[in-house]
Structure formats: C-alpha cells, structure tokens
There are 2 protein chains.
Amino acid sequence: MSPNKENYLKTIFELEHDHQKISNKNIADILNVSAPSVTEMLTALTKEGLVFHTPYNEISLTDAGLARARELVRKHRIWEVFLADKLHYAMADVHQAADILEHATDDRLADRLNEFLGRPKRCPHGGIIPGNSDIEDDSDITLGTLAPEDSATLQRVIDNHDFLKYFEDLQLRLGERLTVVKKEPFSGPFIVQTSDRATVAISENAAGYMFVTDVHYHTKTPDQKTE
Amino acid sequence: MSPNKENYLKTIFELEHDHQKISNKNIADILNVSAPSVTEMLTALTKEGLVFHTPYNEISLTDAGLARARELVRKHRIWEVFLADKLHYAMADVHQAADILEHATDDRLADRLNEFLGRPKRCPHGGIIPGNSDIEDDSDITLGTLAPEDSATLQRVIDNHDFLKYFEDLQLRLGERLTVVKKEPFSGPFIVQTSDRATVAISENAAGYMFVTDVHYHTKTPDQKTE
DNA sequence: GACGTTTTTTCGGACGGCCTAAAACAAGCA
DNA sequence: TGCTTGTTTTAGGCCGTCCGAAAAAACGTC
C-alpha cells in the first residue's frame, strides 16, 4: 500500500469522523489533487475492497478500509505524542511531521513507540488513540452548539495547522472547563469563561472546530442545541 | 528529492566510504533494481548535479551529492540510536527501520531528535554521526588485516542485517579490546581473545566487516598487513 | 420544469521509476 | 589477437499517480 493510497483512506476516515460531507471535491481539496485524480483513486480503492464508491453518489470505507485508516490514525497520533512530549514540538506543528512519519511506520515500530510513550490515551489535540483507549469515539459536540450559560469540558480540537495557530493564541487548555458567557449575534464570537475566570472570545468558525464533553445545558436540551 | 533518488546517493556514498568498487552492478545489487534502472537514475542525478557519471567509466558524487548523502547518513544513524537506545531494538534490526524513517525526516526533526538523544557521537554499529563528531572519518582497518598477536579496539561493524545476526552470536562488544590469537590457514577463522580472556572464532569473511582502531602491531608494520 | 452552475466522470496524455531484450563495450584469457 | 564472458547502455514498454479539457450528471433557482 503506497503512502498515497493511505492518505486517501485517512482523509475519508477523518471526514466521516468529523461529520463533514464526504465528496470528491472535499477529498481533492484536502489532498491538493485534482478531481479526476480522486475519481481514479476511488475506483482503484474500490477494486481493492477498501472503499465503497458508486458514481455520483456514495463514498464510504469498507470494513477493511476502516481498519486500515484506523491503523494510520493510530500511528499518526502516537507520533504526535512523541513529537509534542519528547521533542517539544508546538501543537500546531506536530501534525505535518506526523503525517509523513506515519507512512514510514510498521506495526512493530508503532507498538514499541507506544510502549515508550506509556500508551497514551490521547494525542496532543485531544483525539483518542485507537487501541489505547476503552472508548472508541470522541465527542462530536462542538463548542459552537452551546448556548449562553451552558458549560462543558474542552476535550479535542481539529487537527488543522491554521486553526491551531489561532488556538494557541487563545491560551485555552484541553481538559479545561468552559462556560459560555454569551454569543454575539450575526455569527459573532462566543464569549467563554475559563475555570480561572478569564474570558476569551472565540470566533464562531473556530468554535465549530472545538469539541466538548460533559456538557451541562443551562436551559435547553441537547436536541435544541442548534437554536 | 524522492526517497528513491536519496537511496541511490546514499548507496554510492557508502560504497565509497567502505572502499568498495562503485559500479553499476554493485548499486543495482544493493538497491535490488536492474542495471538499466541504475544507468537511468545515474543519468538523471548527473543532470541534477549530484552525481558525476561518464558512460562505462566513472561514478562518483559531486560535492552537492556528497552533502546530501551525508545528511541522509546523519538522519539514518540518529534514528538508529533512537531505535536502539529508546525502543530497545536489536542491533541487527535498527538498520531496516532507519532506512525508511530517514526519508521521512526533515532537518528540524533530525535536529530535535539529535538533541533529545544527547547528540550521540556514534550509531549502534559504531559509525560516526556526521555533524556530531569532531572526526569526520571512521577507521578503515578491518580485523581481517591483523596478524597473530596484534591487538586492536573494535570500533565499528558493517551495517548489514545478516552479518549483524552473526555478530550478535559472537557476543563481542564495540569498544572492546581484542587480541588475535591465531589465524587458521585456507581462509579459516580468526581466533581472537577479548579483554575478559574469552576466545572467539570469527570467520574470515566476518572479520572483513569489522573495523578496528588503536591497532598495536606485534611484529609487522601496517604496510605488510595483507601478508 | 428548464437553465445555469457546480460537481463528478471520462478521455487522452505526462512523468517517474521500474522492467526485459538486445546491442555496445570492457576485461580476461587462449 | 581474437574469443568468451561479464558489464553497461540503449530501446521500447509497463504501471502508478498526476494533470487539463471536455462530457455527463446533479443541484439550485426561478
């Protein structure tokens, strides 16, 4: 399996995981290739039984494809932990390096590295490391869905360089308890309060990239969260 | 620069370093490709100014090619130290993994890793790590050139999986002082004595893969070492 | 429901790196 | 010297992954 194909699998996996639309165009944009290349590769991966693709319609991973993608994500995140914890990489920088290393990593290396790092449960962005955690899925509730006076724990952020640069400036920490103070109208920023009572303004866009858990809804039920 | 091309450069570099003949065939055998592929790649590398190649004649690295190759060897050996010291890989196994990782390593990663490891001077096989050591070159005197009663310090061994498997069985250690007890005729083994007075028989072939330093010649001068 | 826009696919082609077969050359030996 | 053997190069071709142009399908809007 070429690094190339692996990246297609991982991209589909992550789009699915982040509840984004799995389309030819999305994949093309993420991998910086043309749409025809994506179609071609999807056809090849379908032939290999890793992807299920019907023209103009569905793109999804088969069980085999899912397993491969999960392996990749595992390797990726183990490397991220190494880079952040041992080599002191900035949170925004681990992704790019891990993206290359993951393809140079066989199962044995991944396992040894995992042991060396003490079987970490989460990567520096808060994503779970498949195989190391009891739970299999991350929270999919974003900070952006909360309403004023709701509170929640910041668990995970999207692993995107530009966002992470912004996130570093916000000085928030994963695991921190946040309370929404207010939400400005016209797609304005969220004002949240951290446990040490500091307030931070977060763009609506960025709030959609931040996943929370243990949500305490003040007035409304989760079903009404899009209000 | 593709991992592929990097491997050609490194191969030429290592052939040169180990004083072996730099021929199309040698390169083809090491990289497991056909002779035409080698010719083709040498032509391409010559065009890029990394290699100097005249048909049916010379193959050598340009200064630029040498610099690239040295960088690669540096990355390779830094990874080897990591794999051996931190992940407890066997000496015979580090090479293969490092061979892949080296191509996934930019300068920044190499530097950080190097710091993390404490700027090691030598890789697990005893080879110097370019940039970390004052000296630039390894010893090129093999154990195989010594005569009975000569003594020397085992400094470095060739980084080849099959040899290293054998070497592990010998239970010798790098840095250890060895004295040649005798040399069996008809290309028979070397009998050497270690500092703790154990004697070990080493095949003539293997003795050619083991480099020594601080040689004390008992009766003859180094010039007569091939006798 | 028809039309313009966007997305996806098909088609033909480029390029890198690999191959085999065969030709050119070099080296060793009779 | 010329023949045999081994090495290197040339020629032609394959496969994987990419592309742009253009056709086909789907989507959004009136």
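These numbers come from a predicted model, not from an experiment. (Residues numbered from 1 in each chain as written. Chains lettered and ligands numbered in written order. Predicted model: local features only at pLDDT ≥ 70, side-chain atom pairs only at ≥ 80, totals over all residues. Heavy atoms only, no water.)

1. Things to note about helix H6 (residues 107–116) of chain B
Piece 1. B:Leu109, B:Ala110, B:Leu113 and B:Asn114 are the residues of H6(B) that are buried. Axial view of H6(B): buried residues confined to an arc of 135°, hence all on one face.
Piece 2. Of the surrounding secondary structure, the elements contacted by the buried residues of H6(B) are helix H4 (63–86) and helix H5 (94–101) of chain A together with helix H4 (63–86) of chain B.
Piece 3. Downstream of H6(B) by one or two residues, B:Gly118 has phi in the positive range, about 80°. (Buried < 20%, exposed > 50% of the residue type's maximum accessible area, 1.4 Å probe, protein only. Helix = DSSP H or I, 4+ residues; strand = E, 2+ residues; numbered from the N terminus. Arc of directions from axis to C-beta. Contact = heavy atoms within 4.5 Å.)

2. A closer look at the domain arrangement of chain A
Piece 1. Along its sequence, chain A is carved into domain 1 (3–61) and domain 2 (141–224).
Piece 2. Each of domain 1 of chain A and domain 2 of chain A has a C-alpha centre, and these two points are 30 Å apart. (Domains from an automatic or database assignment.)

3. Quick notes on the relation of the copies chain B and chain A
Piece 1. Each copy superposes on the other: chain B lies on chain A with an RMSD of 0.1 Å after a rotation of 180° and an axial shift of 0.0 Å. The superposition operator between the copies reduces to a two-fold rotation axis. (Least-squares fit on C-alpha atoms with pLDDT ≥ 70 in both.)

4. Section: the interface of chain B and chain A
Piece 1. Taken together, the 16 residues of chain B in the interface contact 16 residues of chain A.
Piece 2. Summed over both sides, the interface of chain B with chain A buries roughly 1600 Å², with 70% coming from carbon and sulfur.
Piece 3. The largest contributions to the chain B side of the interface with chain A come from B:Leu87, B:Tyr89 and B:Arg112, which together make up 31% of the buried area.
Piece 4. The tally of links between chain B and chain A comes to two salt bridges.
Piece 5. With a shortest N-O distance of 2.9 Å, A:Asp93 and B:Arg108 are connected by a salt bridge. (Buried area = accessible area lost by both parts, 1.4 Å probe. Salt bridge = Lys/Arg side-chain N within 4 Å of Asp/Glu carboxyl O.)

5. Let's talk about the protein's contact with DNA strand C
Piece 1. Taken together, the neighbourhood of DNA strand C is formed by 21 residues, with A:Lys25, A:His53, B:Ser2, B:Ser34 and B:Ser37 sitting nearest.
Piece 2. When atoms of DNA strand C within 4 Å of the protein are split into backbone and base, the sugar-phosphate part holds 74%.
Piece 3. Side-chain polar atom of A:Asn24 to a phosphate oxygen of DNA strand C: 3.0 Å apart, as the coordinates give it.
Piece 4. Contact distances for DNA strand C include 2.8 Å between a phosphate oxygen and a side-chain N or O atom of B:Asn4. (Near = heavy atom within 4 Å. Polar contact = N/O pair within 3.5 Å; in protein donor to acceptor, adjacent residues only side chain to side chain.)

6. Some thoughts on the packing of aromatic side chains
Piece 1. Scanning the model with the defined rule gives eleven aromatic pairs over all chains in all.
Piece 2. Ring centres of A:Phe82 and B:Phe116 lie 5.9 Å apart, and the angle between their planes is 85°; this geometry places the pair in the edge-to-face category. Here the residue A:Phe82 occupies a position in helix H4, and B:Phe116 occupies one in helix H6, the pair thus bridging two chains.
Piece 3. B:Phe116 gets classed as partly exposed once you look at its relative accessible area, which sits at 23%.
Piece 4. Above the ring of A:Phe211, the side-chain terminus of A:Arg156 is found at 4.0 Å from the ring centroid.
Piece 5. Over the ring of A:Tyr89 we find B:Arg108; its NZ or CZ atom is 4.7 Å from the centre of that ring. (Phe/Tyr/Trp six-rings, centres within 6.5 Å; stacked < 30°, edge-to-face > 60°. Lys NZ or Arg CZ within 6 Å of the ring centre and 35° of its normal.)

7. A closer look at the packing of helix H1 (residues 3–17) of chain B against helix H3 (residues 35–47) of chain B
All names here are of chain B.
Piece 1. At a minimum axis distance of 11 Å, the contact between H1 and H3 shows a crossing angle of 95°. The angle between H1 and H3 places the two elements in the roughly perpendicular class. Where H1 abuts H3, its residues Lys 5, Tyr 8, Leu 9 and Ile 12 lie against Ser 37, Val 38, Met 41, Leu 42 and Leu 45.
Piece 2. For the contact of H1 with H3, the class distribution of residues is seven nonpolar, one polar and one charged. (Axes fitted to C-alpha atoms, helices over the stretch in contact; angles between N-to-C directions. Parallel < 35°, antiparallel > 145°, perpendicular 65-115°, else oblique. Nonpolar A, V, L, I, M, F, W, Y, C, P; charged D, E, K, R; others polar.)

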